[in-house]
Structure formats: structure tokens, C-alpha cells
Amino acid sequence: MDFALDETQTEIAALAAKVLGSPDDPWRALASAGLLALALPPDLEGDGLGVAEVAQVLTEVGRAAAPVPAYAALALGVLPVESLGTPAQRAEFLPPVAAGEEVLTAALHEPSAPFVGEPATTARVADGKWLLNGVKTAVPYAGQATRILTPVSTPHSTAVYLVDPHADGVTLVPTRNSAGTPECTVRLEDVAVEETDLLFDRGAVAVLHRFALAGALALGDGLLAGALALTVKHVGERVQFGRPLAAFQAVAGQIADVYVAARTVHLAVTSAVWRLAAGLDADAELDVAAYWLAEEAPKALATCHHLHGGVGVDETYPLHRYSSAVKDLGRALGGAAHRLGRLGERVAG
């Protein structure tokens, strides 16, 4: 079974592919085409759309392996702020992102704890002020962001605060990743936040995690599809012993394995995003799709590199952009073993 895109989603995907295929700066081009404003409400000059449409943009970003902060800005920023934020918060933070002028991001992970549901980072009251303390890891575009959506544990529950990365008490420690995109460990030491910095929803952490997973899955779906297309083109054109590589049975079998992996991931991702967009319980589907992506995508990219031979390790050839991004995305998801553990907990529970 597959899930067909509706007309709007198809048009969005086609427009995003066209924009990302142009020679213009891709981030500015996405903004100029209105693709960063899809989830903004109409009163902020947006289209009032949701996660399904944003997912189409992220899939095309992945398909092109475009070096833009779309995942951080849209899945970690725009979608949760639009869903959880107050009118004042939406008006302040969303339009600059839609214009391509600013970025939002989120701090989803703590040391040895990806997508932590009960953060070790805390919010406490001292001298009449709320103070945040803790460490967040692998925060994309933390230094470039206007605000970092930061899950914390409070004396009563959990919450998400909009933290200024340049506020007193915030330390940004740049960290390396495979793709070379900006990323930091964020240390919070008595960082003062106001009531206006709080995203008002008692389930805010879970909502943030759902949008983050859906965005990561859509991006990964595109990355795998893009790497497959690149490899199919290569083995169809590369000639050895007077025949295209694709004509050899061993090569055909390996590219078929990549195709099966890509289609399996696509189906799982599309199902999960559809349920989330429809307002249904999507947690199990998100966990299943996250496992399949974390398990299958790295192996598929390794096969793509193998089928490219020496070309696959040439940094002037685009395949490395796909494999590097897949490695970072798999790490952000917590890895295949972590995702499988999450599924095991779901079954045991």
C-alpha cells in the first residue's frame, strides 16, 4: 500500500525540486518561492498548511542534498512554534524564518540520551526568576539561531522554553559532524528565562519530538531517494568491458537492494507523516519509520559508494553529501539500536 500525495503536496514537491535545481542560493530561493512560509498562519502571510506539506519540502531538500538549515528551521522551529506558541511568539519568530533571514532550532538531545522525554536539564525558581541548568548535545545551527527550543524538567512536569543562544549563562561549544554543518553542545548555567519564553502546552516536549521525528524522516527519505537516483544514473552510464555496469547481474542485484530499502523507508515515512498530519496517534509509526531509516539508510549508502567505485570517494562528486547527511541524521535519531530499543519498550509496555 502507498499513500498518494494530494494536489497541493505534489505542487509543493515540484516547486521545491525546481527551486533547489536552480543556480540561485537555495535558502534564499526557498524563501522567495514561499516554501518556508507554508506552515505560517494566514495572518502572518503564510499558507496555513502543516506537517505534510513541510515534509514535502524537506524531502526535496534531502533529494538534492542541499546544504540549508531547512530541518532545523522548519521541523525544529516553525512547526512547533506555530503549534504551541502564543500569537505574540508566532508573530515575533516565524516571519523572519519564512523570509530566510533567521533560523530557529531545538535542543533535543542530552549526553547519552537522544530525544530525551524527561530531560536532566532543569528549570527552577530562584529569587523570583526561572533559571535553566543543563547540557544539550548535537544542537544544529545553535550559533546561528534566534532561539533554541529547549526541553526541560520543572518541579511539576516538563516544558519547552525559547532560549536565546546569546543570553547570559549560555555557552556554545562547536562540535564536528560528518556533513560539516554548524552544530554545538549547549551548556546552560542559571540562564534566566521569562514567562513569555515558555511554549504553553503540558505535552510540549512530546509535540516537539513528533515534529522533529517527522522532519528527520522526510529529510532522510529524500536523501535515500537522491542517492539511489545518482547511483542508478552512474551504473547506467559507466561502461566496463564494453557494457554498462547496470548490465552486470551483481550490480543489478545490489542496486535492487538499495531500491527496496528506499521504497520501504518511503512507505514507512509517508505513513507516519500522514497519520501525524491527520491528527491521529502517530507515535508507533514514527518509531517504526525511524528504526527503518536508521537501520537501512547507512547500509544503502555504503552500497551506493561501492557501486560508484573510486568516483564514490571523490569529494568533488556529490555522493558524499548524501552519505554524510545520512550519518548525521542516523546519529540524531539515536542510531538503529536505540530506535529498536524504543520499539521494544513499546511492545513490552
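Above this note sits the structure.
As the structure is a computational prediction, the values presented were derived from the model and not from experiment.

**A closer look at the pattern of salt bridges**
Right, so step 1: Taken as a whole and assessed by the stated rule, the structure comprises 13 salt bridges.
Right, so step 2: Here Arg-124 makes a salt bridge to Asp-190, at a shortest N to O gap of 2.8 Å. In this pair, Arg-124 is assigned in strand S2 (residues 122-126) and Asp-190 in strand S7 (residues 183-193), connecting sequence segments 66 residues apart.
Right, so step 3: The partner of Asp-287 in a salt bridge is Arg-339, with the nearest N and O atoms 2.9 Å apart. Of this pair, Asp-287 sits in helix H8 (residues 283-308) while Arg-339 is found in helix H10 (residues 336-348), placing the two residues 52 residues apart along the sequence. For the pair Asp-287 and Arg-339, one class covers both residues: buried.

**Regarding helix H9 (residues 319-333)**
Right, so step 1: The terminal C-alpha atoms of H9, which comprises 15 residues, lie 21 Å apart, in line with the 21 Å expected from a rise of 1.5 Å per residue.
Right, so step 2: For H9, the full list of buried residues reads Leu-319, Tyr-322, Ser-323, Ser-324, Val-326, Asp-328, Leu-329, Gly-330 and Leu-333.
Right, so step 3: Where H9 is buried, its residues meet helix H3 (51-64), helix H6 (204-237), H8 and H10.

**Considering the layout of surface pockets**
Right, so step 1: The volume enclosed by the largest pocket comes to roughly 630 Å³.
Right, so step 2: Taken together, 34 residues form the lining of the largest pocket, with Ala-179, Thr-181, Leu-219, Ala-325 and Asp-328 sitting closest to its centre.
Right, so step 3: Contributing elements (two or more residues each) for the lining of the largest pocket: H3, helix H4 (70-84), strand S3 (129-140), H6 and H9.
Right, so step 4: Of the residues forming the lining of the largest pocket, the biggest block, 8 residues, is contributed by H9.
Right, so step 5: Grouping the constituent residues of the lining of the largest pocket by class yields 23 nonpolar, 7 polar and 4 charged.
Right, so step 6: Taken as a whole, the second largest pocket encloses approximately 440 Å³ of empty space.
Right, so step 7: Along the walls of the second largest pocket sit 26 residues, with Leu-5, Gln-56, Asp-221, His-266 and Thr-270 positioned nearest its centre.
Right, so step 8: Counting only elements with at least two residues in the lining of the second largest pocket, the list comes to helix H1 (7-20), H3, H6 and helix H7 (249-277).
Right, so step 9: Per element, the largest residue contribution to the lining of the second largest pocket is 9 residues, and it comes from H7.

**Overview of empty space enclosed by the protein**
Right, so step 1: According to the stated counting rule, one finds 1 cavity of 30 Å³ or more in the structure shown.
Right, so step 2: In this model, the largest cavity occupies a volume close to 40 Å³.
Right, so step 3: Gly-220, Leu-223, Leu-293, Ala-294, Ala-297, Pro-298, Val-326, Leu-329 and Gly-330 are the residues that line the largest cavity.
Right, so step 4: For the lining of the largest cavity, the elements supplying multiple residues, two or more each, are H6, H8 and H9.
Right, so step 5: Take the lining of the largest cavity: its biggest share by element is 4 residues, from H8.

About the cut-offs
- Residues numbered from 1 in each chain as written.
- Predicted model: local features only at pLDDT ≥ 70, side-chain atom pairs only at ≥ 80, totals over all residues.
- Heavy atoms only, no water.
- Salt bridge = Lys/Arg side-chain N within 4 Å of Asp/Glu carboxyl O.
- Helix = DSSP H or I, 4+ residues; strand = E, 2+ residues; numbered from the N terminus.
- Buried < 20%, exposed > 50% of the residue type's maximum accessible area, 1.4 Å probe, protein only.
- Expected span 1.5 Å × (residues − 1).
- Contact = heavy atoms within 4.5 Å.
- 1 Å grid on protein atoms, 1.4 Å probe; cavity = no way out; pocket = protein on both sides within 12 Å on 5 of 7 lines; lining within 4 Å.
- Points joined across faces, edges and corners; volume = space filled by probe spheres on them.
- Nonpolar A, V, L, I, M, F, W, Y, C, P; charged D, E, K, R; others polar.

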